[in-house]
Amino acid sequence: MASNRSSGSLVVPGASAALDQMKYEVARSLGISFAQDGYYGDMLTRDAGYIGGNITRRLVEIAETQLAGRASR
């Protein structure tokens, strides 16, 4: 069944702040800094992809942990 939501929309609308926080935490852990004014135009595409890939990895780990907890109940 096809979904009517776009790939950029959140399934849980309240998760936006948590995802932003995760973005900054992942970037900091990778040694990538953001401009204070919020402009990302100077960021290398490679760095943006590296941040996104690590966020995805972390979200998958969180989901797997939660699913493993449900399976053991």
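Our subject is the structure listed above.
Before going into details, it helps to say that this report is about the structure given with it. (Residues numbered from 1 in each chain as written. Predicted model: local features only at pLDDT ≥ 70, side-chain atom pairs only at ≥ 80, totals over all residues. Heavy atoms only, no water.)

## Some remarks on the packing of helix α1 (residues 16–29) against helix α2 (residues 45–71)
Two numbers describe how α1 lies on α2: the axes approach to 9 Å, and their chain directions differ by 115°. With respect to the hand of their crossing, α1 and α2 are arranged in right-handed fashion. Counting all contacts with α1, which are made through Leu19, Met22, Lys23, Glu25, Val26, Ala27 and Ser29, the residues of α2 involved are Ile51, Asn54, Ile55, Arg58, Leu59 and Ile62. When its residues are assigned to classes, the contact of α1 with α2 shows eight nonpolar, two polar and three charged. (Axes fitted to C-alpha atoms, helices over the stretch in contact; angles between N-to-C directions. Helix = DSSP H or I, 4+ residues; strand = E, 2+ residues; numbered from the N terminus. Left-handed = near helix turned anticlockwise from the far one by under 90°. Contact = heavy atoms within 4.5 Å. Nonpolar A, V, L, I, M, F, W, Y, C, P; charged D, E, K, R; others polar.)

## Brief notes about the pattern of salt bridges
Taken as a whole and judged by the stated rule, the model has three salt bridges. Close ionic contact of Lys23 with Asp20 constitutes a salt bridge, the shortest N to O distance being 3.7 Å. On the criterion of helical spacing, the pair formed by Lys23 and Asp20 is a turn pair, its members being three residues apart in helix α1. The salt bridge involving Glu25 is made with Arg58; its shortest N-O contact spans 3.7 Å. Here the residue Glu25 occupies a position in helix α1, and Arg58 occupies one in helix α2, the gap between them amounting to 33 residues. (Salt bridge = Lys/Arg side-chain N within 4 Å of Asp/Glu carboxyl O.)

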